Amino acid sequence: MIIAIDGPAAAGKGTLARRLADHFDLALLDTGLLYRAVGMNLVRAGADPDDAAKAAEAARNLKPEDLEAGDLRDDAAADAASRVSAVPDVRAALLDFQRSFAAEPPGGTRGAVLDGRDIGTVVCPDAESKLFVTASPEVRAERRYLELRERGLDAIHGRVLADMKERDARDSERTVSPLEPAKDAFLLDTSDLDADQVFAAALDFINGNN
Ligand code: DC
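Residues numbered from 1 in each chain as written. Predicted model: local features only at pLDDT ≥ 70, side-chain atom pairs only at ≥ 80, totals over all residues. Heavy atoms only, no water.

Participant: Quick one: what's the story with the environment of Glu173, residue by residue and with numbers?
Facilitator: By the element assignment, Glu173 lies in helix α8 (residues 157-173). Remark: the alpha-carbon pair of Glu173 and Gly7, spanning 166 residues in sequence, is separated by 14 Å. (Helix = DSSP H or I, 4+ residues; strand = E, 2+ residues; numbered from the N terminus.)

Participant: Tell me about the site of the ligand, and please be specific about residues and values.
Facilitator: Looking at the ligand, there are 13 residues lining it, with Thr31, Arg36, Arg91, Arg117 and Arg174 nearest. For the ligand, an oxygen atom lies 2.8 Å from a polar atom in the side chain of Arg117. The contact in question runs from an oxygen atom of the ligand to an N or O atom on the side chain of Arg174, over 2.9 Å. Alone, the ligand offers 450 Å² of accessible surface; in the complex the protein occludes 94% of this. Judged by the proximity of its atoms to the pocket grid, the ligand belongs to the largest pocket. In terms of residue count, helix α2 (residues 32-44) provides more of the shell around the ligand than any other element does, three residues in total. Residue classes in the shell around the ligand are distributed as two nonpolar, five polar and six charged. (Near = heavy atom within 4 Å. Polar contact = N/O pair within 3.5 Å; in protein donor to acceptor, adjacent residues only side chain to side chain. Areas by Shrake-Rupley, 256 points an atom, 1.4 Å probe, with all protein chains shown as cover. 1 Å grid on protein atoms, 1.4 Å probe; cavity = no way out; pocket = protein on both sides within 12 Å on 5 of 7 lines; lining within 4 Å. Sits in = over half its atoms within 2 Å of the grid points. Nonpolar A, V, L, I, M, F, W, Y, C, P; charged D, E, K, R; others polar.)

Participant: Residue-level account of the sheet that holds strand β2 (residues 27-30), with values.
Facilitator: With parallel pairing, the five strands of this open sheet are ordered in space as β2-β3-β1-β4-β5. Pairing within the sheet leaves two strands with one partner each, and these edge strands are β2 and β5 (186-189). Ignoring which end each strand starts from, the neighbouring axes of this sheet average 20 degrees apart. Alignment of strand β1 (residues 2-6) against strand β3 (residues 112-116), held across five bridges, turns out to be parallel. Its bridge partner being in β3, Ala4 is matched across the sheet by Leu114. Along the sheet face, helix α5 (residues 88-103) touches β1, β2 and β3 and points at about 165 degrees away from the line of β2. (Pairing = 2+ DSSP bridges. Axes fitted to C-alpha atoms, helices over the stretch in contact; angles between N-to-C directions. Contact = heavy atoms within 4.5 Å.)

Participant: Talk me through the pairing of β1; I want residue IDs and the actual numbers.
Facilitator: Burial within β1 is extensive, with five of its five residues counted as buried. Burial along β1 is two-sided: the residues Ile2, Ala4 and Asp6 and Ile3 and Ile5 are all buried. Across four bridges, the pairing between β1 and strand β4 (residues 129-134) is parallel. Pairing of Ile5 across the sheet is with Leu131, part of β4. (Buried < 20%, exposed > 50% of the residue type's maximum accessible area, 1.4 Å probe, protein only.)

Participant: Explain the layout of surface pockets to me, using residue names and the numbers behind them.
Facilitator: What the largest pocket holds in volume is close to 1,100 Å³. Around the largest pocket sit 41 residues that line it, and Ala9, Ala10, Lys13, Gly14 and Arg73 are the ones nearest its centre. When residues of the lining of the largest pocket are traced back to their parent elements, those giving at least two are α1 (13-24), β2, α2, α4 (75-84), β3, α7 (137-150), α8 and α9 (195-209). Looking at the lining of the largest pocket element by element, the count peaks at six residues for α1. (Points joined across faces, edges and corners; volume = space filled by probe spheres on them.)

Listed below in structure tokens is the structure:
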């Protein structure tokens, strides 16, 4: 059983993915972490995340323990990730890892939930259930702002919204695997829903598929 969840940042994908993985007892892969780890490995080495050759090399050399770094949730990591994720060789290098995870989920579970930007379209086009989770940029920026403040980080609302729009544009306009819903994805706009309502709507859709 494979559940593919795609959508832009702070639309509610991560929370939904975790709840679905718990509910169905499936392994969970947040694929954004892979791109964040590649980006931060470059930044830490003093390299430019826009350097395509270095980014591809960093993706090929990515190790599982790199996903444990404590700074992958920071904005610097999000920015570096959105740059390296536009490089075709980076995406190709990370594809095998994601597909192997889906085919043979760790822990011997009967399937997996993967969340990202191109799971339903490229990584797992045969997934039984595909969800495309969105919300308005304003709602997503507000959620991200509150999350940063909760973590004790300084954040300026207007800046968070501007950064989010910039990253959205980069994710949607890149030529390889741009952010777009799969044709058979269930579109779930979470702008006016809380986490329980999002989970209930997703469950209805998935149960109708199985
Ligand atoms: O979901 P996130 O914020 O952790 O993603 C960080 C960046 O990685 C984001 O700019 C999009 C990119 N990404 C991607 O291109 N493909 C994925 N499957 C997951 C993330």
